[in-house]
Amino acid sequence: MRLAYLVLGMSCVVMAGVEAQLPSIKLAPVSVGDIVSPVGITNAGDDSNRLFVTDQRGTIHVIQSGSVLPTPFLDIESRLVDERPGFDERGLLGLAFHPNFGEVGEDGNDKFYVYYSAPSASSGTATDPIDHQSVVAEYTVSGDPNVADFASERILMTFNQPQFNHNAGHIEFGPDNMLYITTGDGGGGGDDEPGHTGGGSGNPIGGLGNAQDRSKLLGKVLRIDVAGTNGPGGQYGVPGDNPFVGESGVREEIWAYGLRNPWRARFDGDQLIVADVGQGLVEEVNLVEKGGNYGWRIKEGTLDFDNTVSPDPVVSLIDPIAQYTRPGAAGAMTGLEQIGISVTGGVVYRGSEFPELDGVYLFGDFSTAFGPPNGTLLALTPDVLDGTATLPADPLVLDVIGGNPIGEYVLAFGRDENGEVYVATKTALAASGNPGGAATGAIYRLVAVPEPASVWLVIVCLSLSLFCLRKKH
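The model shown is predicted, which means the values in this text are computed figures rather than measured ones.

Novice: I'm lost on the overall build of the protein in this one. Help?
Specialist: The number of helices and strands found in the protein is 4 helices and 27 strands. For the protein, whose C-alpha radius of gyration is 23 Å, the value lies close to the compact-globule estimate of 23 Å for 473 residues. Residues counted as buried form 55% of the 473 residues belonging to the protein. Look at the contacts in the protein between residues 6 or more apart in sequence, and 60% of them connect residues 24 or more apart. Only carbon and sulfur atoms are counted for the fraction: they give 54% of the accessible area of the protein, which is about 19000 Å². Between the mean site of the 28 positive side-chain charges and the mean site of the 58 negative ones, the protein shows a separation of 5 Å.

Shown next, in the form of structure tokens:
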């Protein structure tokens, strides 16, 4: 009897453990219909546990005690480029709080930083067009901790963008207190159009592209010191340990390169996890390292894109840790899992409420098509992040109560100060929503739901344990 119990008990533990690795997920509404196009979620790290939500057309909203405050934290819509009707990738795209935010008496205790798309005074030329400028700026909080000072703007850096798309725009302070900035390749398609190194009319092959051109800031992860002054213009510093400091003709702000449109990135400890949107076949997730070349436009994920490109310098290209493809015949030919059209980077769960999710990277895909909205919630397990799994891995499609894909565009993920995870969605494609209609943006908290089978297995195991103890005595 004791042997039978031990065997059955071990089975219960093992089976319950397997079930608990990836529990079902429930989307618990935090805000629905209050925000138009939420493209970022973050916290200030000041023990207030407020959530700050970046709305694409220029506002930052505060969620406090489960409610969206009526007055925006910041509204810079007047500083943005005019909206492109129907679909636009420009706007207010990034938000990061100073590492000392909220620490009285410390430098930067009232500072935060944004990345946004501003109009350009010049449209450039036919061979070198300028659609808009990307701006990284510093702001200061006013006397009200929930309202910023609009007039406090200090512009750190600007750079031209040849097309409207591929702006990236995630900004975040790393564990080294430096500001990391993701930039797209400048837009269009293929990194081979006018305004792209070696590109032009007719999309010529063999061109280096902006992402491989280390004399440009586009298609990169940048790293700057917001307190420094040795950068161009004197409003930021270039850290002396950046990988290309001292190289002639190279932008010293570059930390890594060879990215197409890194839509959302996030640190987890020392790891910088960057999701990069593909051209048409491969969506990918990368672990970004100092000085790394992630392959675009030579490769798209692990597949060749234009293998006639000669990178300068010639270095090994770093493959993604996970990749997938789009639904359809072309995607099917890659042999990759068919999920959606545009990866949305996420965060690693570090909360305490759902220990079965600890160390899991929760991310998603924008949609299976531009319309109707139909985004997918995805995950990578800790063994993918630590490299013990076979790489590149296939993403895991989460079991979401109500179905997955979820019937909404998946725009961004974020964490509160307790490490709990949230996802931002919407159902209207345009950045300003449906004309004359209500806002369709939503913020949900991801809640792990125990599998009924797991619960019953635990009950059975506990019952058997009690029975065996009674028999023993």
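Structure shown, so let's carry the discussion forward.
Novice: Teacher, can you tell me more about the pairing of strand β3 (residues 51–55) here?
Specialist: A regular strand places its side chains so that they alternate between the two faces of the sheet. With 5 of its 5 residues buried, β3 lies for the most part within the structure. Here β3 shows no split at all, with Leu 51, Val 53 and Asp 55 on one side and Phe 52 and Thr 54 on the other all buried. Summarising the sheet, strand β2 (residues 38–43) and β3 pair through 5 bridges and their orientation is antiparallel. Counted as the bridge partner of Thr 42 is Phe 52 from β3. Inspection of the sheet shows β3 paired to strand β4 (residues 59–64) by 5 bridges, in the antiparallel sense. Residue pairing in the sheet places Thr 54 in a bridge with Ile 60 of β4.

Novice: Explain the packing of aromatic side chains to me, please; I cannot follow it from the model alone.
Specialist: Think of a pair of aromatic rings as described by two things: how far the centres are apart, and how the planes are tilted against each other in angle. Counted according to the given criterion, the structure contains 19 aromatic pairs. Geometrically, the ring pair formed by Phe 97 and Phe 112 is tilted, given 5.8 Å between the ring centres and 40° between the ring planes. Linking Phe 97 in strand β7 (residues 92–97) with Phe 112 in strand β8 (residues 111–118), this pair joins segments that are 15 residues apart in sequence. Taken as a pair, Phe 97 and Phe 112 share a single burial class, namely buried. Between Tyr 361 and Phe 363, the ring centres sit 5.1 Å apart and the planes meet at 25°, which makes this aromatic pair stacked. Each member of the pair Tyr 361 and Phe 363 is classed as buried. Members of the aromatic cluster, connected to one another through ring pairs, are Phe 52, Phe 73, Phe 97, Phe 101, Phe 112 and Tyr 139. Between Arg 84 and the ring centre of Phe 164, over which it is positioned, the NZ or CZ distance is 3.9 Å. For Arg 260, the ring lying beneath its charged end belongs to Trp 296, and the centroid distance is 5.7 Å.

Novice: For this particular structure, what's the right way to read a negative patch on the surface?
Specialist: Together, Asp 47, Glu 103, Glu 106 and Asp 107 line one region of the surface with negative charge. Position of Glu 106 relative to the elements: it lies in the loop between β7 and β8.

Novice: Before we go on, may I ask you to explain the environment of Gly 237 in this structure?
Specialist: On the secondary structure map, Gly 237 appears in the loop between β13 (220–224) and β14 (254–257). Classification of Gly 237 as buried rests on a relative accessible area of 1%. For the pair formed by Gly 237 and Tyr 116, sequence separation is 121 residues and the distance between their alpha carbons is 20 Å. In this structure, Gly 237 is in contact with Ile 224, Asp 225, Gly 228, Thr 229, Asn 230 and Gly 231, ignoring residues within four places of it in sequence.

Novice: Looking at this structure, I do not really get the pairing of strand β16 (residues 271–276). What am I missing?
Specialist: Of all the 6 residues making up β16, 5 are buried; the element is thus mostly covered by neighbouring parts of the structure. With 4 bridges joining them, strand β15 (residues 265–268) and β16 adopt antiparallel strand pairing. Residue pairing across strands places Ala 265 opposite Val 274, the latter belonging to β16. Connecting β15 to the antiparallel partner β16 that follows it, the hairpin turn spans 2 residues, and Gly 269 within it adopts a positive phi of roughly 65°. Across 5 bridges, the pairing between β16 and strand β17 (residues 283–288) is antiparallel.

Novice: Is there a simple way to explain the nonpolar core in this structure?
Specialist: A general feature of soluble globular proteins is that nonpolar side chains tend to end up buried together. Within the largest apolar cluster, 44 residues are counted, with the highest numbers of intra-cluster contacts made by Met 157, Leu 179, Ile 181, Val 285, Tyr 361, Phe 363 and Leu 380. At 3 residues, strand β10 (residues 148–161) tops the list of elements feeding residues into this core. Dropping the residues within four chain positions of it, Met 157 is found in contact with Ser 134, Val 135, Val 136, Ile 181, Leu 217, Leu 222, Ile 224 and Tyr 236.

Novice: What should I look at first to understand the sheet that holds strand β23 (residues 376–380) in this one?
Specialist: Hydrogen bonds along the backbone pair up the strands of a sheet, which may run parallel or antiparallel. Within the open sheet, the 4 strands sit side by side as β21-β22-β23-β24. Their pairing is antiparallel. The open sheet has two free edges, formed respectively by β21 (343–348) and β24 (396–397), since each of these has just one partner strand. Of the strand pairs in this sheet, β21 and strand β22 (residues 361–365) are connected by 4 bridges, and their pairing is antiparallel. Of the residues in β22, the one forming a bridge with Val 348 is Tyr 361.

Novice: I would appreciate a short explanation of unusual backbone geometry in the present structure.
Specialist: Trans is the common state for peptide bonds, and a negative phi is the common state for residues other than glycine. Residue Pro 313 follows Asp 312 across a cis peptide bond; omega there is 5°. Note that Pro 313 resides in the loop between β19 (303–304) and β20 (322–324). Residue Pro 392 follows Leu 391 across a cis peptide bond; omega there is -5°. Within the secondary structure, Pro 392 is located in the loop between α3 (382–385) and β24. One non-glycine residue with positive phi stands out, namely Asp 191, at about 55°. By the element assignment, Asp 191 lies in the loop between β12 (179–182) and β13. Take Asp 191: its relative accessible area is 1%, and that puts it in the buried class.

Analysis parameters
Residues numbered from 1 in each chain as written. Predicted model: local features only at pLDDT ≥ 70, side-chain atom pairs only at ≥ 80, totals over all residues. Heavy atoms only, no water. Helix = DSSP H or I, 4+ residues; strand = E, 2+ residues; numbered from the N terminus. Rg over C-alpha atoms; globule rule 2.2 N^0.38 Å. Buried < 20%, exposed > 50% of the residue type's maximum accessible area, 1.4 Å probe, protein only. Contact = heavy atoms within 4.5 Å. Areas by Shrake-Rupley, 256 points an atom, 1.4 Å probe, with all protein chains shown as cover. Lys, Arg positive; Asp, Glu negative; His and termini not counted. Charge placed at Lys NZ, Arg CZ, Asp CG, Glu CD. Pairing = 2+ DSSP bridges. Phe/Tyr/Trp six-rings, centres within 6.5 Å; stacked < 30°, edge-to-face > 60°. Lys NZ or Arg CZ within 6 Å of the ring centre and 35° of its normal. Patch = residues over 30% accessible without salt bridge, like charges linked within 9 Å, V, L, I, M, F, W, Y side chains within 5 Å. Salt bridge = Lys/Arg side-chain N within 4 Å of Asp/Glu carboxyl O. Core = buried A, V, L, I, M, F, W, Y, C linked by side-chain atoms within 4.5 Å.

This is a description of form; function is not addressed.
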